[in-house]
Amino acid sequence: MHPRSLPTGPGRVLPGAIGHNRGVVSRNYAFLPPEGVLPSRLPNYEATAVRFLAAPALGAAFAQALLEIAPGGGSRQPCADTVQTFLYAVSGAATLTVDGHPRIEFTAGGYAYVPPGCAFSLRNDADATAKVLVLRKPYEAIDLPPPEPIVSHRSQVPRTNHLGMEGRAWQHLLPVGDMRFDMEMNILIFSPGVCFPAVETHIMEHGLYMLEGQGIYLLDTDWHEIWVEDFIWMGPFCPQQFYPTGYGEAAYLLYKNVNREIAF
Ligand code: UGY
Ligand code: MN
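First things first, this report covers the structure right here in the doc. Please read all numbers here as calculations on a predicted model, not as lab measurements.

Below, the discussion takes up the environment of Arg-260. Along the chain, Arg-260 falls in the segment after β20 (250-257). The spacing of Arg-260 and Arg-168 is 92 residues in sequence and 27 Å in space, taken between C-alpha atoms. In contact with Arg-260, not counting residues within four places along its chain, are Tyr-139, Glu-140, Ile-142, Met-179, Arg-180, Phe-181 and Asp-182. In this structure the side chain of Arg-260 is engaged in a polar contact, spanning 3.2 Å, whose partner is the backbone oxygen of Arg-180.

Looking now at the coordination of the manganese ion (ligand 2). Every protein donor of the manganese ion (ligand 2) is listed here as Glu-200 (OE), His-202 (NE2), His-206 (NE2) and Gln-240 (OE1), and their distances to the metal cover 2.1 to 2.3 Å. Every donor counted, the 6 donor atoms about the manganese ion (ligand 2) form angles of 76 to 176° at the centre, which fits octahedral coordination. Linear spacing of the donor residues for the manganese ion (ligand 2) on their chain is E-x1-H-x3-H-x33-Q. The class of His-202 is buried, set by a relative accessible area of 14%.

Okay, the sheet that holds strand β17 (residues 222-226) next. Strand order across the open sheet formed by 3 strands is β17-β16-β19, with antiparallel pairing between neighbours. In this open sheet, the two strands that pair with only one neighbour each are β17 and β19 (240-244). Along the sheet, successive strands turn relative to each other by an average axial angle of 20°, direction set aside. Two elements, strand β16 (residues 215-219) and β17, share 5 bridges in a ladder whose sense is antiparallel. Bridging from a neighbouring strand, Leu-219 pairs with Asp-222 of β17.

What counts and how
- Residues numbered from 1 in each chain as written.
- Chains lettered and ligands numbered in written order.
- Predicted model: local features only at pLDDT ≥ 70, side-chain atom pairs only at ≥ 80, totals over all residues.
- Heavy atoms only, no water.
- Helix = DSSP H or I, 4+ residues; strand = E, 2+ residues; numbered from the N terminus.
- Contact = heavy atoms within 4.5 Å.
- Polar contact = N/O pair within 3.5 Å; in protein donor to acceptor, adjacent residues only side chain to side chain.
- Donors = N, O, S within 2.8 Å, 3.2 Å for Na, K, Ca; no water.
- Tetrahedral: all angles 85-135°; square planar, octahedral: opposite > 155°, others 65-115°.
- Buried < 20%, exposed > 50% of the residue type's maximum accessible area, 1.4 Å probe, protein only.
- Pairing = 2+ DSSP bridges.
- Axes fitted to C-alpha atoms, helices over the stretch in contact; angles between N-to-C directions.

Following this line, the structure appears as C-alpha cells:
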C-alpha cells in the first residue's frame, strides 16, 4: 500500500512523511518537494507567504521563491529592484501591474519579465489564494541597453522543437539569442517516454518548477521521482537527465543563465 493511502487523522503526521521523504540538498543540486519548504513573510507584502526555493545560501547565483497571496493580500506598494525579476503565475488570479503596461489579470500561465529598476506590483482581489513564482537575478550588463519589460501569457508562445527530437517541445518565454538577456525562461514539454538525447553536463544553472505530469530526474548520480509542484536547483555542470513516467505530457518551467562570458 502507498504510505499516503494509509489512514491518518486530523492533526496527525501523514504516514511516510519521514521514511519516504524525497527532499535532498547536496553540493551541486537540491530536490525540494513542497511540503518541506516552510513559509516566511516579506516586509513589502501583506497576507502573503513566501517559500524560498533557491538562493545564494544554497549555492545558486539567483533566487527563486513561490508567493502565496491570500485574498486581499499582495504588494503594499510598487516594488522596483536593482536586480531583474521574472514572474510566472501558477494558480489563482492576481492582478499584476508592471510599469509602462496596463494592469492585467495574472492567471495560470501568465508571465512577466521586469528589468532592473522597473516597478511592479501584485495584488489579489479574488477570493482564492494566488500562487506566483518569482525569480530574481542580478543583471549582467553589457554594451547594449537592458531589455524592455515583457508581459505575456504561455498561450501566446508557440511550441518549437529546435532539436527535432520526437515528442519534445519548447516554449521560449523570453527571446532566445537576444544578447540583451542574460537568462532564458523556457517551458520544456515531453511526451510520455521521451528523454534528452544525452545526459547534460553544462555550465548553466537551472531552477526547475514542475508544472504538469511526472517523471524521474537524474541529478548527479541519483534518480528522483518528480511530481507537480516539486522544485529542483541544478548547479553548474550538474549531470542531468529527465525521463517522464506519466500517461500524458510532462512540462516544467526552467531558468537557465546564458549569453555571458565567465567572470573571474
Ligand atoms: O536546456 C536545457 O539545458 C535543458 N535541456 N535542461 C534540462 O531540462 N535539465
Ligand atoms: Mn540543462
